[in-house]
Amino acid sequence: MFRLAHLTDPHVGPLSKPRLRQLLSKRATGWVNWTRGRHLTHDMAVLEALVADLLAAAPDHIACTGDLCNIGLPSEWETARVFMEALGGPEAVSFVPGNHDAYVRGSLEGLLGAVGPWTRDDAGRESAFPYLRRRGPLALVGLSSAIPTAPFVASGRLGSRQIAAVEALLGSLAREPERPCRVVMIHHPPHVGGALPGRNLTDSPGFEAMIRRVGADLVVHGHNHVGSVAFLVGPDGRRVPVIGAPSASARGGTLKHCAGYHVYGFERTDHGYAVTATLRGLLPGDRIGDLGTLTLYG
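Values in this document were obtained by computation on a predicted structure and should not be read as measured data. (Residues numbered from 1 in each chain as written. Predicted model: local features only at pLDDT ≥ 70, side-chain atom pairs only at ≥ 80, totals over all residues. Heavy atoms only, no water.)

> Before we move on, can you summarise the overall build of the protein chain with the specific residues and values?
Per the secondary structure count, the protein chain includes 6 helices and 12 strands. The globule rule puts the C-alpha radius of gyration for 298 residues at 19 Å, and the 18 Å found for the protein chain is close to it. Dimensions along the principal axes, computed over C-alpha positions, put the protein chain at roughly 60 × 45 × 35 Å. Within the protein chain, residue pairs in contact and separated by at least 24 positions form 67% of the contacts whose partners lie at least 6 positions apart. When the accessible surface of the protein chain is summed, it comes to about 12,300 Å², and 55% of that surface belongs to carbon and sulfur atoms. (Helix = DSSP H or I, 4+ residues; strand = E, 2+ residues; numbered from the N terminus. Rg over C-alpha atoms; globule rule 2.2 N^0.38 Å. Contact = heavy atoms within 4.5 Å. Areas by Shrake-Rupley, 256 points an atom, 1.4 Å probe, with all protein chains shown as cover.)

> Describe the sheet that holds strand β8 (residues 228-233), listing the residues and the values that go with them.
The 6 strands lie next to each other as β4-β5-β6-β7-β9-β8, forming an open sheet whose pairing is mixed. Strand pairing shows two members of the sheet lacking a second neighbour, β4 (131-135) and β8, which therefore form its edges. Direction aside, the axes of adjacent strands within the sheet are offset by 25° on average. Both β4 and strand β5 (residues 138-142) contribute to a ladder of 5 bridges, which runs antiparallel. If you follow R135 over to β5, its bridge partner there is L138. (Pairing = 2+ DSSP bridges. Axes fitted to C-alpha atoms, helices over the stretch in contact; angles between N-to-C directions.)

> Lay out helix α2 (residues 44-56) with the relevant residues and their values.
Along its 13 residues, α2 runs 18 Å from first to last C-alpha, staying within 8% of the 18 Å computed at 1.5 Å per residue. For α2, the set of buried residues is V46, L47, L50, V51, D53 and L54. Buried residues along α2 cover an arc of 160° about the axis, so they all sit on one side. In α2, the exposed positions that point more than 90 degrees away from the buried face belong to E48 and A56. One or two steps after α2, the chain reaches A58, where phi turns positive at roughly 50°. (Expected span 1.5 Å × (residues − 1). Buried < 20%, exposed > 50% of the residue type's maximum accessible area, 1.4 Å probe, protein only. Arc of directions from axis to C-beta.)

> Which residues make up the pattern of salt bridges, and what values go with them?
According to the stated counting rule, one finds 14 salt bridges in the structure shown. A salt bridge links R179 to D217, with the nearest nitrogen and oxygen atoms 2.8 Å apart. Separated by 38 residues along the polypeptide, R179 in the loop between α5 (160-174) and β6 (181-185) and D217 in the loop between α6 (204-214) and β7 (218-221) bring together distant segments of the chain. One salt bridge in this structure joins D286 and R251, with 2.9 Å as the shortest N-O distance. With D286 in the loop between β11 (272-283) and β12 (287-297) and R251 in the loop between β9 (239-244) and β10 (260-269), this residue pair connects regions lying 35 residues apart in the sequence. Relative accessible area serves as the criterion here: at 33%, R251 is assigned to the partly exposed category. (Salt bridge = Lys/Arg side-chain N within 4 Å of Asp/Glu carboxyl O.)

> Tell me about the packing of α5 against α6, and name the residues and values.
Where α5 contacts α6, the two axes come as close as 10 Å, and the packing angle between them is 20°. Put simply, α5 runs roughly parallel to α6. As α5 packs across α6, the resulting crossing turns out to be right-handed. Of the residues in α6, those touching α5 at I163, V166, E167, L170 and G171 are G206, F207, M210, I211, R213 and V214. Residue classes in the contact of α5 with α6 are distributed as 7 nonpolar, 2 polar and 2 charged. (Parallel < 35°, antiparallel > 145°, perpendicular 65-115°, else oblique. Left-handed = near helix turned anticlockwise from the far one by under 90°. Nonpolar A, V, L, I, M, F, W, Y, C, P; charged D, E, K, R; others polar.)

> Please give an account of the nonpolar core that cites residues and values.
Core analysis: the largest hydrophobic core is formed by 54 residues, its most contacted members being L7, V115 and F266. Setting aside residues up to four positions removed in sequence, L7 forms contacts with L50, L54, I62, A63, C64, T65, F83, L87, A248 and Y261. If you look at the next biggest cluster of nonpolar residues, it comprises 23 residues, including V166, F207, V214 and V242. (Core = buried A, V, L, I, M, F, W, Y, C linked by side-chain atoms within 4.5 Å.)

> So, the environment of L140: which residues are in play, and what are the values?
Inspection of the secondary structure puts L140 in strand β5. Separated by 15 residues in the primary sequence, L140 and R125 place their C-alpha atoms 15 Å from one another. Apart from the residues lying within four places of it in its own chain, the contact partners of L140 are L4, H61, S94, Y131, L132, R133, R135, V183 and M185.

Here is the structure:
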């Protein structure tokens with residue numbers, strides 16, 4: 001069984017104090033939110049414990065679906081690179097960006113300049129979305145929904161070009177004689193109603209229509225900071241699981257909002273792939289442990 005670990009929204013800290021000119025943008029409200037309590041919600045000790053537990057599980061590959069950053073400061077890009085190195089080398093870890101990684105114009109380009117190797121596709125290109133990475137039986141397809149937005153807006157967008165490109169890619173993979181298990185990685189929940197207006201993927205109807213035409217075996221995302229399970233319908237009527245993971249650093253007030261990550265197991269069946277999902281995360285006493293298992297049939 002091939003095992004894929006998925007974590008998201010680590011919001012790596014601490015933040016260095018911004019210069020005044022760096023706050024003449026959306027960063028001003030983000031900095032206020034961070035200093036007023038967000039830095040307590042995203043606990044780096046919790047993140048350290050969760051990553052240690054994940055690495056001890058020794059998955060075959062790791063997917064990280066965005067929000068390494070908080071307010072897109074240049075100082076955060078090096079911090080993000082150090083965090084990705086701690087997870088593993090570019091061959092062992094795949095990354096797609098989130099809305100906080102594109103907090104203001106230029107932030108995403110700066111971050112990808114630091115962590116681009118973790119987006120390198122099988123052809124050697126970096127920071128080009130969608131990308132394809134083959135690992136074991138998996139075809140990992142990375143998308144970017146990260147765009148700069150106005151203050152108090154956290155929405156994402158794929159765009160018609162990216163949707164068309166991923167449709168062609170997923171369709172081509174489906175036609176291979178030994179069809180791989182197609183795993184799509186994206187930050188925003190890609191289904192209609194997956195997040196509230198102002199936080200949603202604005203072209204989620206286009207994503208859903210694309211999945212209806214070409215299908216996928218699993219879609220993993222972050223953004224909402226809670227675990228979630230939804231399903232889309234593929235071209236053959238089979239359900240496509242869409243799984244959201246909690247924030248990897250959240251010290252929430254309820255179990256649902258506490259830090260966690262998923263470990264997926266993949267086994268080929270007569271009808272495609274059987275997918276199992278185990279959630280591990282923060283327990284009382286600041287321990288990391290099992291939070292339940294879900295079986296999803298591909």
